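Now for the letters of each chain:
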Protein chains: 2
Amino acid sequence: MDRAVVEEVCSLKEARKKVLACVRAQSYEVIEISQACGLVIAEEIRAPKDIPPCEISLRDGYAVSAGDLSGGGSTKALRLTGAITTGDKTDISLTPGSAIKITTGAPLPGLADSVIPYEDVEVRGDLVFPMKPVIKGQYVLRPGSLATRETIVARRGDILVPTTIASIVDTGKAFLKVIKKPRVGILVTGDEVVEPDYHSEDMSVFCSNRYLLSALVKNYGGESIALGIAPDDEEILASILEMEHLCDCIVISGGTGKGEHDCVKNAWRRLGIEIIFDGVLMHPAKGTAFGYKDGVLFFSLPGNPLASGISFVQLVSVALLKISNKEFESPPELVATLAQSLPAGKDGTPRFFWGRAVFQESELTVWPLGLEKTDVLSQISKANCIINVEVGAKNLPQGSCVAVHPVCLSSNLGYLTLFGQ
Amino acid sequence: MDRAVVEEVCSLKEARKKVLACVRAQSYEVIEISQACGLVIAEEIRAPKDIPPCEISLRDGYAVSAGDLSGGGSTKALRLTGAITTGDKTDISLTPGSAIKITTGAPLPGLADSVIPYEDVEVRGDLVFPMKPVIKGQYVLRPGSLATRETIVARRGDILVPTTIASIVDTGKAFLKVIKKPRVGILVTGDEVVEPDYHSEDMSVFCSNRYLLSALVKNYGGESIALGIAPDDEEILASILEMEHLCDCIVISGGTGKGEHDCVKNAWRRLGIEIIFDGVLMHPAKGTAFGYKDGVLFFSLPGNPLASGISFVQLVSVALLKISNKEFESPPELVATLAQSLPAGKDGTPRFFWGRAVFQESELTVWPLGLEKTDVLSQISKANCIINVEVGAKNLPQGSCVAVHPVCLSSNLGYLTLFGQ
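None of these values were measured; they are calculated from a predicted model.

### Comments concerning the overall build of chain A
Phase 1: On a plain count of helices and strands, chain A comes out with 9 helices and 27 strands.
Phase 2: Here chain A has a C-alpha radius of gyration of 31 Å; the compact-globule value for 421 residues is 22 Å, and the former is much larger.
Phase 3: Judged by the C-alpha coordinates and their principal axes, chain A covers about 100 × 50 × 45 Å.
Phase 4: Here chain A holds 421 residues, and the buried ones make up 54% of them.

### Let's talk about the sheet that holds strand β27 (residues 401–406) of chain A
Residue and element names in this part refer to chain A.
Phase 1: Here we have 5 strands rolled up into a closed barrel, ordered β23-β25-β24-β26-β27, and mixed in their pairing. Between one strand and the next, the sheet's axes are offset by a mean angle of 50°, whatever the strand orientation.
Phase 2: Bridge count for strand β24 (residues 351–360) against strand β26 (residues 385–389) is 5 bridges, and the pairing is antiparallel. Looking at β26, one finds that Trp-354 is bridged to Ile-386.
Phase 3: Running at roughly 75° to β24, helix α8 (residues 305–323) makes contact with β24, β26 and β27 of the sheet.

### Quick notes on the packing of helix α5 (residues 208–219) of chain B against helix α8 (residues 305–323) of chain B
Residues and elements named next belong to chain B.
Phase 1: Contact geometry for α5 and α8: axes closest at 10 Å, N-to-C directions at 25°. Looking at the two axes, α5 sits roughly parallel to α8. In terms of crossing hand, the pair formed by α5 and α8 is right-handed. On α8, the residues that touch Ser-208, Asn-209, Leu-212, Leu-213 and Leu-216 of α5 are Pro-305, Ser-308, Gly-309, Phe-312 and Val-313.
Phase 2: Tallied by class, residues from the contact of α5 with α8 come to 6 nonpolar, 4 polar and no charged.

### So, the interface of chain B and chain A
Phase 1: The interface of chain B with chain A comprises 104 residues on the first partner and 103 residues on the second.
Phase 2: For the side of chain B that touches chain A, the secondary structure elements donating two or more residues are β12 (152–154), α4 (162–170), β16 (205–206), α5, α8, β23 (334–338), β24 (351–360) and α9 (376–380) of chain B.
Phase 3: Considering only residue class, the side of chain B that touches chain A consists of 48 nonpolar, 37 polar and 19 charged.

### Quick look at the domain arrangement of chain A
Phase 1: The domain boundaries assigned to chain A delineate domain 1 (3–13 + 182–323), domain 2 (29–50 + 145–179), domain 3 (56–141) and domain 4 (334–419).
Phase 2: Taking only C-alpha atoms, the centre of domain 1 of chain A and the centre of domain 2 of chain A are 37 Å apart.

### Notes on the relation of the copies chain B and chain A
Phase 1: Note on the copies: chain B fits chain A at an RMSD of 0.1 Å, the axial shift is 0.0 Å, and the rotation between them is 180°. This pairing of chains is accounted for by a two-fold axis. If distances are taken from each C-alpha of chain B to the rotation axis, the shortest is found for Ser410(B), at 1.9 Å.
Phase 2: With an isologous cut-off of 70% or more, the 99% of interface residues of chain B that recur at the interface of chain A puts this contact in the isologous class.

### Description of the environment of Leu237(A)
Residues and elements named next belong to chain A.
Phase 1: Here Leu-237 is to be found in helix α6 (residues 234–242).
Phase 2: Sequence separation between Leu-237 and Ala-267 is 30 residues, and the spatial gap between their C-alpha atoms is 6.2 Å.
Phase 3: Once residues within four sequence positions are removed from consideration, Leu-237 is found in contact with Thr-189, Ala-230, Gly-255, Cys-263, Val-264 and Ala-267.

Each value, and the rule that gives it
- Residues numbered from 1 in each chain as written.
- Chains lettered and ligands numbered in written order.
- Predicted model: local features only at pLDDT ≥ 70, side-chain atom pairs only at ≥ 80, totals over all residues.
- Helix = DSSP H or I, 4+ residues; strand = E, 2+ residues; numbered from the N terminus.
- Rg over C-alpha atoms; globule rule 2.2 N^0.38 Å.
- Buried ≥ 20, exposed ≤ 12 C-beta atoms within 10 Å, placed from the backbone.
- Pairing = 2+ DSSP bridges.
- Axes fitted to C-alpha atoms, helices over the stretch in contact; angles between N-to-C directions.
- Contact = placed C-beta atoms within 7 Å.
- Parallel < 35°, antiparallel > 145°, perpendicular 65-115°, else oblique.
- Left-handed = near helix turned anticlockwise from the far one by under 90°.
- Nonpolar A, V, L, I, M, F, W, Y, C, P; charged D, E, K, R; others polar.
- Domains from an automatic or database assignment.
- Least-squares fit on C-alpha atoms with pLDDT ≥ 70 in both.

In structure tokens, the structure reads:
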């Protein structure tokens with residue numbers, strides 16, 4: 001290692017700051033609202049008018065004026081003089097002592113202020129007999145009760161959960177400005193690495209890294225673009241990177257050895273990508289490097305999937321979240337109780353472990369995985385989070401509280417693993 | 001209401017049992033592994049051979065036999081006799097007192113048992129001088145340490161989180177059997193209901209229900225199919241339902257009034273759909289009904305989006321989860337602390353409120369929304385969960401513990417709302 005490289009090694013906290021400082025504001029796109037779930041809205045939505053614009057019946061029944069019934073008790077009969085069905089456009093009005101048949105969702109006729117549901121009346125011929133006292137305003141949705149004109153229904157930067165979408169549709173809006181998802185190119189390096197189901201010799205290593213990183217991209221709101229597998233050749237690597245101006249971020253795994261084959265940084269230098277840091281004080285993945293050019297973020301992660309996934313969550317994730325206009329100093333975390341002790345690490349270096357976290361009653365419990373270094377694949381296969389052991393922590397006994405970063409959210413049923421599935 | 005209908009009203013617990021009893025086993029499909037994130041695997045995955053199949057270098061450096069260095073101390077020189085690069089197929093072997101240059105991921109040469117990283121040696125000409133003591137086996141990945149042949153890497157029924165996918169790729173598998181996502185048809189009824197951005201008269205109501213229910217379908221692992229908007233006409237409704245044999249489940253919102261316009265159940269009767277229950281003891285959405293025919297589940301939900309969303313989460317969600325082979329007696333829930341008191345309800349009826357839940361340190365706090373019945377849209381717009389108030393609960397003061405069902409998971413960044421975004 002030469003001296004320049006040593007100087008560029010930094011703490012995880014510093015590294016995250018440097019990464020966040022390079023993120024520029026993302027542009028927006030206009031999409032159909034049915035595609036908007038979980039995206040970040042880039043405009044403010046106001047009600048264009050009072051919603052509802054007039055009094056609306058909340059039941060199938062009879063529109064009445066409560067005043068007609070207040071004098072003579074609840075048995076007084078009303079004369080049925082018409083009907084209003086939902087969707088009707090009508091100027092019909094009550095006359096004193098009358099009732100008008102009405103359906104749920106229909107506008108109240110003039111002079112009516114209350115609705116009596118079908119089940120609360122008796123009808124004989126054209127006479128309607130209320131069976132219960134009528135409270136003025138009952139079963140009526142008041143004008144503007146859902147929203148008054150100019151009320152803000154959603155704000156710029158809100159995340160579009162199901163009810164946000166429904167409220168926006170209620171204002172009549174079908175298209176929305178949202179922040180574009182960050183596009184993340186994923187490039188795997190290594191002469192020995194092949195795609196799965198390649199009819200390989202025994203020495204082949206499958207590019208599990210690409211699939212792991214791609215799934216993690218989704219977890220932090222990005223869209224992954226497979227840039228394929230590159231040989232350990234800085235010229236070829238540079239030519240691939242040069243073509244990728246369509247990405248907001250390029251993640252390269254492997255090719256980071258300290259020997260002659262450290263071709264990622266050499267390729268970056270060829271392309272004039274500024275190396276912002278080269279090495280982070282963390283375990284594992286201390287070889288993680290970060291470069292920047294023309295608004296594109298470049299991450300060089302270890303070739304070992306277990307380490308590269310941790311590096312991704314600790315550093316790439318906060319960049320992706322900031323591109324989506326959500327700034328976090330560290331990846332979103334929950335507090336969990338250790339189900340098993342964890343060994344002490346070196347002072348001054350935070351350590352990370354894969355884990356499986358499960359909510360039990362109101363408490364999150366986490367099991368560290370793969371500590372034994374045997375049967376690693378079937379252990380790690382169960383991981384739904386990364387356990388974060390703080391700088392300077394000693395041996396952590398069972399029952400200790402630790403921070404965990406869940407990596408099972410955001411696609412289909414992954415979150416159910418937190419519920420013990 | 002006639003007597004038959006009254007008899008079919010049941011408790012929420014009974015209703016869920018009846019729904020679950022109608023769910024039949026879902027078929028599987030084969031998909032490319034990059035599309036598998038968050039789905040449920042329908043086959044068992046075993047390692048086809050030891051992984052790795054031989055000893056592999058974990059560093060760029062020099063392959064050596066530790067025994068060559070154990071006698072004469074750590075300064076003994078080794079003669080450089082060759083090089084192995086990752087991906088090479090070579091039968092090269094160490095000779096006593098020699099070292100072979102090696103890259104990360106390359107197979108160890110014969111007779112080598114340890115790797116010395118570049119940074120821990122000095123090289124002069126063809127002599128390699130180790131600078132530190134060498135521990136036998138250092139920086140070497142042992143055969144079968146990731147998985148031994150026939151080890152189970154993933155089990156039938158596992159949810160495919162990012163590391164499950166990576167572990168499966170490590171076995172060389174590119175295609176997977178997964179349980180098909182439930183297909184949920186969503187039909188909105190009402191003569192007055194229109195799509196948003198329709199240039200409507202003032203009386204129009206937009207079909208926010210369709211968008212709300214569609215977003216909720218995603219949250220519980222399903223795929224939604226828009227069946228459009230139907231008028232309040234049982235004949236037309238029946239003709240639409242009859243065509244929908246491609247769905248596992250059909251959800252209809254609206255058209256459930258107790259008056260003459262209760263056309264959903266009439267349409268069901270026309271089609272020979274068995275009405276399993278008609279009415280559930282819960283608030284809101286007590287008009288929820290459920291029918292069954294030929295393996296397809298039919299739900300009739302209220303027309304009011306706030307009520308229909310609650311009904312969906314309480315009843316449809318458990319059906320969708322069971323179709324995905326995940327059986328829950330009630331929707332997945334977390335325990336939260338009430339940030340604001342909730343009013344008492346009627347005994348014997350569980351009550352539900354929309355809420356916004358946020359993790360603060362290790363505790364989940366929830367704010368009930370829309371209690372005031374004013375400005376409802378901008379209130380409900382923020383909801384990321386449903387608050388479940390148990391049967392018989394009295395007034396719940398601020399600080400009480402309640403169960404909440406999150407409805408913000410599983411698509412893009414929705415889950416960040418639980419982190420205060």
